[in-house]
Amino acid sequence: MQEKNANASNFEQCLKCSICTAVCPMMEANPHYPGPKQAGPDGERYRIKDPAFYDLTLKYCLNCKRCEVSCPSGVRIGDIIQSARLKYGRSSNPVRDYMLASTDLVGSLASPFAPVVNRVLGMKPVKAVMDGVMGVDSRRTFPAYSGRRFEQWFRSEAACRQLGFRRFISYFHGCYVNYNYPQLGKDLVKLVNACGYGVHLLDREKCCGVALISNGFGNQARKQAETNLKSFRTAVANGETVLTSSSTCTFTMRDEYSNVLGLDNSDVRDSLLLATKWLYDHIENGSIRIAFRKDYHKRIVYHTACHMNKLGWAIYTTSLLRMIPGVELKVIEQKCCGIAGTFGFKKENYPYSQKIGSELFEALRVANPEVVVTECETCKWQIEMSACLPVMNPISILAEAIDEKETIKLNIR
């Protein structure tokens, strides 16, 4: 059951120093947004007394967590705002918001007809209709769907190869890998297998629920979270770590399941890890060794996604990338890309989304890398559309760069 108020004891720790306001990207782009301090701790005092004090401008919160990272008192400002939106918020376009948030439903419907769906979604007349009728901005580029889901590929081509391993991890692939970009999942399987571990898929997996939370569908998000937690517990009971490849999925399941949805995940939280952190930890303790190709060269700029910044795990990714002899790595100043999941798809939010991301886009263009690297799939969509640069997950870079045969030899047990 959901806790009565997961954040009730936390907002009183606010010192009203306004540091959170200074780091909020929305404050710079939108004068209508009251800011994290007013929307979070200050507003919570009023909402507890009378829900009528709910401020509709809370919809502008990106949930980027910059306010929480900067808060000297550890106030969960973003969680307070998210919880208020779930409890008091009302969507002005519920059909649109439900479609954007229902990634498993839409993905399962679109995937079998991927070539047609991808072509239709790119047509100007279709975009104009979606803009006028649904409120999805016509300037937004949709991610392409794959005709073959990752789960289908794994069961038909990869599952049998896992039988020879004695050590295993479980993989939470997420809806992006399953419906949009199975190659990332294939890269993770290749990398983990080369390191001496087999890969299991979870018994049952649902979308992490981040889009449902941000669009106000708390009950559905909670149901999906409960399904995932049950599968995590089964994996952990079997002695397996649950690996992910998305920073946002990881953050949502580790932190927002408890802080926003009120679900106890304390028994599995520490066993739910981004694959880059897991890999770095094992390399550091000597239980995994990696050999890299001598002919691999790439000029990379790393973008720290907002939720990656909140997790504090970017250092593990950049350290791994620096281990690759042929990589020229530049880490740029951490800036929000502005898309915030489904936020940047909505017509009323699109201008704010692009304005917030403009500094990042320019910084990336100036750096002029061969590829931008980030763990967040929606950052990938935003950067590819707005900065016109290719974007890859670090797992794919590592899978490209390893000498697979030599790495397998190094990790034979």
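For the structure itself, look to the data block above.
Conventions used here
- Residues numbered from 1 in each chain as written.
- Predicted model: local features only at pLDDT ≥ 70, side-chain atom pairs only at ≥ 80, totals over all residues.
- Heavy atoms only, no water.
- Helix = DSSP H or I, 4+ residues; strand = E, 2+ residues; numbered from the N terminus.
- Buried < 20%, exposed > 50% of the residue type's maximum accessible area, 1.4 Å probe, protein only.
- Contact = heavy atoms within 4.5 Å.
- Areas by Shrake-Rupley, 256 points an atom, 1.4 Å probe, with all protein chains shown as cover.
- Expected span 1.5 Å × (residues − 1).
- Phe/Tyr/Trp six-rings, centres within 6.5 Å; stacked < 30°, edge-to-face > 60°.
- Lys NZ or Arg CZ within 6 Å of the ring centre and 35° of its normal.

Caption draft 1: Geometry of the overall build of the protein. Each helix and strand in the protein was counted, giving 22 helices and eight strands. Principal axes of the C-alpha set define a box for the protein whose edges measure 65 × 50 × 40 Å. Here the protein holds 413 residues, and 59% of them are scored as buried. Long-range contacts, defined here as pairs at least 24 residues apart, represent 76% of the contacts in the protein between residues at least 6 apart. Of the roughly 17900 Å² that the protein leaves accessible, carbon and sulfur atoms contribute 54%.

Caption draft 2: Focus on unusual backbone geometry. Within the chain, Asn 368 stands out as a residue other than glycine whose phi angle is a positive 50°. Examined against the element boundaries, Asn 368 turns out to sit in the loop between helix H19 (350-367) and strand E7 (371-373). On the accessibility criterion, Asn 368 (45% relative accessible area) is partly exposed. One non-glycine residue, Cys 388, lies in the positive phi region at around 60°. Within the fold, Cys 388 resides in the loop between helix H20 (377-386) and strand E8 (391-392).

Caption draft 3: Examining helix H5 (residues 77-88) more closely. With twelve residues, H5 extends 16 Å between its outermost C-alpha atoms, agreeing within 8% with the 16 Å of an ideal straight helix rising 1.5 Å per residue. Among the twelve residues that make up H5, eleven are buried, leaving the element largely enclosed by the rest of the structure. Among all positions of H5, only Ile 77, Gly 78, Asp 79, Ile 80, Ile 81, Gln 82, Ser 83, Ala 84, Arg 85, Leu 86 and Tyr 88 are buried. Residues of H5 that are buried in the fold lie against helix H1 (19-23), helix H3 (36-49), helix H4 (66-70), helix H13 (210-214), helix H14 (218-237) and helix H15 (247-259).

Caption draft 4: Structural context of the packing of aromatic side chains. The full count for this structure, using the stated rule, is 15 aromatic pairs. With 6.0 Å between their ring centres and 45° between their planes, Tyr 54 and Tyr 88 make a pair best called tilted. Taken together, the residues Tyr 54 in the loop between H3 and H4 and Tyr 88 in helix H5 connect sequence positions 34 residues apart. Exposure remark for Tyr 88: the relative accessible area of 17% places this residue in the buried category. Seen in terms of ring centroids, Phe 150 and Tyr 171 are 5.7 Å apart; in terms of plane orientation they differ by 85°. Their pairing is edge-to-face. One end of the pair, Phe 150, is in helix H10 (residues 150-158); the other, Tyr 171, is in strand E1 (residues 168-172), and 21 residues separate them in sequence. Relative accessible area serves as the criterion here: at 0%, Tyr 171 is assigned to the buried category. Within the aromatic cluster, the residues linked to one another by ring pairs are Phe 142, Tyr 176, Tyr 181, Phe 345 and Trp 381. Above the ring of Tyr 197, the side-chain terminus of Arg 167 is found at 4.2 Å from the ring centroid.

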